[in-house]
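Now for the letters of each chain:
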Amino acid sequence: MKSYADRRASLITQMQARGGGIAIIPTAPEVMRNRDADYPYRHDSYFYYLSGFTEPEAVIVLVAGEKNQAILFCREKNLEREIWDGFRYGPETARTSFGFDAAYPIEALDTELPKLMANAPALFYALGSSDKLDAQVQRWLQSVRAQARAGITPPTAAYDVHVLLDEMRLTKDAGEIDIMQRSADIAAAAHRRAMRIARPGLREYHLEAEILHEFRNSGSQFPAYGSIVATGANACVLHYRASDAELKDGDLVLIDAGCELDSYASDITRAFPANGKFSGPQKELYEIVLASQYAAIAETRPGKRFMDGHDAAVRVLAQGMLDTGLLDANKVGTLSDVIENRAYSQFYMHRTGHWLGMDVHDVGDYRDASPDGAERPWRTLQAGMVVTVEPGIYVRPAEGVPEQYWNIGIRIEDDALLTADGCHILSAAAPKTVADIEALMKHE
């Protein structure tokens, strides 16, 4: 894995290419959940990407100039607070431990930032991302402008530092890939655990508990997002959260759950029968979704466009909808008509994937630049990128929809690492064929 210092140096090089200046990257604030209780703290991904530092109340400042510098502002040592809240590095120990050139107490921001901004050509920070940061920057700029008669000038240009960091984060190095593979392995084990334990009479929260147990027991620090455990008709709600619905004989269960390991996410979805055996209609739709995923995976390789996989999945799904009668050809026309008019969106209404990394919906532009001002083409995939591949079918009861398919919700999602000659499925350890799922769930 590239060192955090290497990443900081790379960002400084990009800043120098734009004339130099200073970058300001704060970590995330602590957030109160309710009286005297905070939400579990999670650092800002951009901040961590450049530092590896996990304490709250911290800011990175990078100086790109005659003398390049990486500076950390963080909390001071405070033995009394450490009794209550745990260990703090303090500026000096943090400086040596995390490879910064200098470190100051967080309280020194208002004193030091105007000095660093004085005569700096440009300012690099996440424009408009935080009212607090915007107000601080304004205050520091005013302080620099007040020194105009002394010949001191403020930055005259501003750049969104996230735009630069997004491109850096989009392509993963070997160390990041190793962590993401381990994260996917843990999540896949959690899905297998849920399949093995599932049976009619349990409730959605029972499966969620098994998933969370596997995550934490295997070393994951957090779920990567709120786990979706949806049985029966609930599986047709895309962002359903695990609740208390009972698993019933004859229903499918959809689980969308991934974990975060060392700040990197996995994102896996599987659908399986509560009783361990797919019914005829369930199997019919499941095989269509699985075939659409295989078609999308075949298009997930360097040189293809980001949307090529989606287009391939849609073609298979739309044909399957016509074949099963979910869509009436007499009303919607041919396959080409269904795709052109998006008639398939009654049963498939989301995109087939997204970037994956430190955030479950990770950063990075989905379109390439267009030098002539025309509509920007979809991004060309490159080795080192990680995407999800997640087609689905969701059948809500409706007039003209065959009743045997009502309330079936299926999504199959895997994490795909782009390699030199194709892609590697990081989440392959989670069973997804009908035969493999039924074999795993077979209760002796």
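Preceding block: the structure.
To keep things clear, this report deals only with the structure shown in the data block. (Residues numbered from 1 in each chain as written. Predicted model: local features only at pLDDT ≥ 70, side-chain atom pairs only at ≥ 80, totals over all residues. Heavy atoms only, no water.)

Regarding the overall build of the protein
Summing up its helical and strand segments, the protein has 14 helices and 19 strands in all. With respect to the principal axes defined by its C-alpha atoms, the protein has extents near 80 × 60 × 40 Å. Sorting the 444 residues of the protein into buried and exposed places 51% on the buried side. By sequence separation, contacts in the protein at least 24 residues apart represent 70% of the contacts at least 6 residues apart. Summed over all atoms, the accessible surface of the protein reaches about 20100 Å², with 49% contributed by carbon and sulfur. Within the protein, one finds 46 positive and 63 negative side-chain charges whose respective centroids are separated by 2 Å. (Helix = DSSP H or I, 4+ residues; strand = E, 2+ residues; numbered from the N terminus. Buried < 20%, exposed > 50% of the residue type's maximum accessible area, 1.4 Å probe, protein only. Contact = heavy atoms within 4.5 Å. Areas by Shrake-Rupley, 256 points an atom, 1.4 Å probe, with all protein chains shown as cover. Lys, Arg positive; Asp, Glu negative; His and termini not counted. Charge placed at Lys NZ, Arg CZ, Asp CG, Glu CD.)

Some words on the sheet that holds strand 12 (residues 259-261)
As summarised here, the arrangement of the 3 strands in space is 9-12-13, forming an open sheet in which the pairing is antiparallel. Where the open sheet ends on each side, the last strands, each with one partner, are strand 9 (222-223) and strand 13 (264-265). Taken strand by strand, helix 8 (residues 174-197) contacts strand 12 and strand 13, and its axis lies near 145° from that of strand 12. (Pairing = 2+ DSSP bridges. Axes fitted to C-alpha atoms, helices over the stretch in contact; angles between N-to-C directions.)

A closer look at the environment of Ser-51
Positionally, Ser-51 belongs in helix 2 (residues 45-51). Along the backbone, Ser-51 and Ile-425 are 374 residues apart, and their C-alpha atoms lie at a distance of 29 Å. Setting aside residues up to four positions removed in sequence, Ser-51 forms contacts with Tyr-4, Arg-8, Ile-60, Phe-98 and Phe-100. Here Phe-47 takes part through its backbone oxygen, which lies 2.8 Å from a polar atom of the side chain of Ser-51. (Polar contact = N/O pair within 3.5 Å; in protein donor to acceptor, adjacent residues only side chain to side chain.)

What to know about unusual backbone geometry
With phi around 65°, Asn-119 is a residue other than glycine that occupies positive phi space. Topologically, Asn-119 is positioned in the loop between helix 5 (109-117) and strand 7 (122-125). What makes Asn-119 partly exposed here is its relative accessible area of 45%. In this structure, Arg-342 is a non-glycine residue whose phi angle is positive, near 55°. Looking at where Arg-342 falls in the secondary structure, it is placed in the loop between helix 13 (335-341) and strand 15 (386-389). Exposure remark for Arg-342: the relative accessible area of 44% places this residue in the partly exposed category.

Quick notes on a negative patch on the surface
A cluster of acidic side chains, namely Glu-30, Asp-38, Glu-57, Glu-76 and Glu-107, defines a negative patch on the protein surface. When you line up the elements, Glu-76 lands in the loop between strand 5 (69-74) and helix 3 (79-85). (Patch = residues over 30% accessible without salt bridge, like charges linked within 9 Å, V, L, I, M, F, W, Y side chains within 5 Å. Salt bridge = Lys/Arg side-chain N within 4 Å of Asp/Glu carboxyl O.)

Considerations on the packing of helix 8 against helix 9 (residues 204-217)
Look at helix 8 against helix 9: their axes get within 8 Å of each other, and the N-to-C directions meet at 145°. The two elements helix 8 and helix 9 meet at a crossing, and its hand is right-handed. On helix 9, the residues that touch Ile-186, Ala-187, Ala-189, Ala-190, Arg-193, Ala-194 and Ile-197 of helix 8 are Leu-207, Glu-210, Ile-211, His-213, Glu-214 and Phe-215. Of the residues belonging to the contact of helix 8 with helix 9, the class tally is 9 nonpolar, 1 polar and 3 charged. (Left-handed = near helix turned anticlockwise from the far one by under 90°. Nonpolar A, V, L, I, M, F, W, Y, C, P; charged D, E, K, R; others polar.)

Re the sheet that holds strand 8 (residues 157-160)
Ordered by their spatial adjacency, 6 strands build an open sheet running 6-5-4-1-7-8, and the pairing between neighbours is mixed. Every interior strand has two partners, whereas the edge strands, strand 6 (102-105) and strand 8, have only one. Between one strand and the next, the sheet's axes are offset by a mean angle of 20°, whatever the strand orientation. Pairing geometry for strand 1 (residues 21-26) and strand 4 (residues 59-64), over 6 bridges, is antiparallel. If you follow Ala-23 over to strand 4, its bridge partner there is Leu-62. In the packing of helix 1 (residues 4-17) onto the sheet, contacts are made with strand 1, strand 4, strand 5 and strand 7, and the angle to strand 4 comes to roughly 50°. The strands that helix 4 (residues 91-98) touches are strand 5 and strand 6; relative to strand 6, the one it contacts most, it runs at about 150°.

With respect to the environment of His-191
Positionally, His-191 belongs in helix 8. Separated by 110 residues in the primary sequence, His-191 and Arg-81 have C-alpha atoms spaced 40 Å apart.

Observations regarding helix 4
Of the residues making up helix 4, those classed as buried are Pro-91, Ala-94 and Phe-98. Down the axis, helix 4 shows its buried residues gathered within 65° of arc, on one side only. Contact partners of the buried residues in helix 4: helix 1, helix 2, strand 5 and strand 6. At the C-terminal side of helix 4, Gly-99 shows a positive phi close to 75°. (Arc of directions from axis to C-beta.)

Remarks on the packing of aromatic side chains
Across all of its chains, the model carries 13 aromatic pairs by this definition. On the basis of an interplanar angle of 75° and a centroid distance of 5.0 Å, the ring pair of Phe-87 and Tyr-89 is categorised as edge-to-face. Measuring from ring centre to ring centre gives 4.7 Å for Phe-306 and Tyr-366, while their planes differ by 65°; the resulting arrangement is edge-to-face. One end of the pair, Phe-306, is in the loop between helix 10 (280-298) and helix 11 (308-324); the other, Tyr-366, is in the loop between helix 13 and strand 15, and 60 residues separate them in sequence. According to the relative accessible area criterion, Phe-306 is buried, its value standing at 10%. (Phe/Tyr/Trp six-rings, centres within 6.5 Å; stacked < 30°, edge-to-face > 60°.)

Examining the pairing of strand 19 (residues 422-425)
Relative to strand 19, strand 18 (residues 414-419) runs antiparallel, the two sharing 4 bridges. When the sheet's bridge partners are listed, Leu-417 is paired in strand 19 with His-424. With antiparallel pairing between neighbouring strands as the criterion, strand 18 and strand 19 make up a hairpin whose turn holds 2 residues.

Re the pattern of salt bridges
Close approach of charged atoms lets side chains of opposite charge pair. Using the criterion set out here, one finds 27 salt bridges in the structure. The partner of Glu-210 in a salt bridge is Arg-193, with the nearest N and O atoms 2.7 Å apart. In this pair, Glu-210 sits in helix 9 while Arg-193 sits in helix 8, placing the two residues 17 residues apart along the sequence. With a relative accessible area of 25%, Arg-193 lands in the partly exposed category. We note a salt bridge from Arg-203 to Glu-246, for which the minimum N-O separation is 3.9 Å. A residue pair is termed long-range when its members are at least 10 positions apart, and Arg-203 in the loop between helix 8 and helix 9 and Glu-246 in the loop between strand 10 (228-231) and strand 11 (252-257) qualify at 43 residues. Residue class for Glu-246 comes out partly exposed when judged on its relative accessible area of 33%.

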